[in-house]
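# Summary of the model geometry
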Amino acid sequence: MTAQTVPTPKPEHSPHSSIRIAVLQAHDAPAYKVLRDASLLRAPEAFSTDYATAVTRPHFVYSARFGRPGMGPFYLGAFTTDGQLVGSLGVEREEALFKRHMAHVNAVMIDVNFEHQEIARQLLHACIALAEQMEGLEMLQLAVTATNARAVRLYERAGFRVCARVPRAIVVNGVGHDHLLMVHALPSCPELNFSAA
């Protein structure tokens, strides 16, 4: 089965403009686990799962998350021309009836050897484009480590706005890390009130 390729704008001035964005499928689980384990080890404050726990999980546990957009949770992958998975992003829609208008963006990860090449931007743009096609979906939400200024700027440029700050959302080796909650209003969303944030 061929992966569903997602049309996405190519980054400007990037040496990896041939990066392909596609919906992850079950056969991508081993590569996804490698990328995730490495990301957890490198930036534990950005995740709610710790490396020691995640590294023991078999790769196939991630396959259940790899659905089709609009049919439950789905994950996007960034692939090189030779098929190497170098980035990913997950989207999980709320299941409760009164919260179905919202979906959460999570697990935004880029291979350390492919950072600073706008791959995360491509993943975000593809994510937003797919979200805009999902019936009844009004907004995307994410949490980002407050001290990660580069990531915060990336999300702001993609249209996300800070709506809250969670002190000590993650505690790694006794050190607390605040998280910023950010939202992106899709075209179907009524005007949001940020004055209380």
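A brief report on the enclosed structure follows.

Definitions and cut-offs
- Residues numbered from 1 in each chain as written.
- Predicted model: local features only at pLDDT ≥ 70, side-chain atom pairs only at ≥ 80, totals over all residues.
- Heavy atoms only, no water.
- Buried < 20%, exposed > 50% of the residue type's maximum accessible area, 1.4 Å probe, protein only.
- Helix = DSSP H or I, 4+ residues; strand = E, 2+ residues; numbered from the N terminus.
- Arc of directions from axis to C-beta.
- Contact = heavy atoms within 4.5 Å.
- Phe/Tyr/Trp six-rings, centres within 6.5 Å; stacked < 30°, edge-to-face > 60°.
- Core = buried A, V, L, I, M, F, W, Y, C linked by side-chain atoms within 4.5 Å.
- Pairing = 2+ DSSP bridges.
- Axes fitted to C-alpha atoms, helices over the stretch in contact; angles between N-to-C directions.
- Lys, Arg positive; Asp, Glu negative; His and termini not counted.
- Salt bridge = Lys/Arg side-chain N within 4 Å of Asp/Glu carboxyl O.

### Structural notes on helix α4 (residues 149–157)
- Of the positions making up α4, those classed as buried are A151, V152 and Y155. For α4, the angular spread of the buried residues around the axis is 100 degrees, confining them to a single face.
- Among the structural elements, β4 (102–110), α3 (119–131), β5 (139–145) and β7 (175–185) are those in contact with the buried residues of α4.
- Positive phi appears at G159, one or two residues downstream of α4, with a value of about 105 degrees.

### Quick notes on the packing of aromatic side chains
- This structure, assessed with the given rule, holds 5 aromatic pairs.
- Considering the side-chain rings of Y32 and Y62, the 5.2 Å spacing of their centres and the 65 degrees angle between planes classify their relative orientation as edge-to-face. Pair noted here: Y32 is in helix α1 (residues 29–42) and Y62 is in the loop between α2 (51–54) and β2 (74–79), with a separation of 30 residues, a long-range link.
- Among the aromatic side chains, those forming a connected cluster through ring pairs are Y32, Y62, F66 and Y75.

### Looking at the nonpolar core
- L76, I119, L123, L140, V144, Y155 and F160 are the most contacted members of the largest nonpolar core, which has 36 residues in total.
- Those elements that place two or more of their residues in this core are β1 (20–23), β2, β3 (85–93), β4, α3, β5, α4 and β7.
- Among the elements that line this core, the one with the most residues is α3, at 9 residues.
- The residues touching I119, leaving out its near neighbours within four places in the chain, are I19, A78, V86, I110 and F114.
- With 15 residues, the next largest nonpolar core counts Y32, L40, Y75 and F79 among its residues.

### Quick notes on unusual backbone geometry
- Even without a glycine there, the phi angle at E118 is positive, about 65 degrees.
- Position of E118 relative to the elements: it lies in the loop between β4 and α3.
- Despite not being glycine, R168 shows a phi value in the positive range, around 50 degrees.
- Tracing the sequence through the fold places R168 in strand β6 (residues 161–172).

### Some points on the sheet that holds β1
- Taking strand neighbours across the sheet as the criterion, the 7 strands line up as β1-β2-β3-β4-β5-β7-β6 in an open arrangement whose pairing is mixed. On the outer flanks of this sheet lie β1 and β6, each paired with one strand and no other. Taken pair by pair, the neighbouring strands of this sheet meet at an average axis angle of 25 degrees, ignoring direction.
- As defined by bridge partners, β1 adjoins β2 across 4 bridges and the pair is classed as antiparallel.

### As for the side chain of R36
- Mapped onto the elements, R36 comes out in helix α1.
- One buried charged residue, R36, remains without a salt bridge, the closest side chain of opposite sign being D37 at 5.8 Å.
- Apart from residues no more than four positions distant in its own chain, R36 is found in contact with F47, T49, Y62, R65, A107 and M109.

### Here we look at the pairing of β6
- Strand direction decides the pairing type here: β6 and β7, joined by 8 bridges, are antiparallel. Bridging from a neighbouring strand, I170 pairs with H177 of β7.
- Between β6 and the antiparallel strand that follows it, β7, lie 2 residues; N173 among them carries a positive phi value of about 50 degrees.

Shape is all these values report; function is a separate question.
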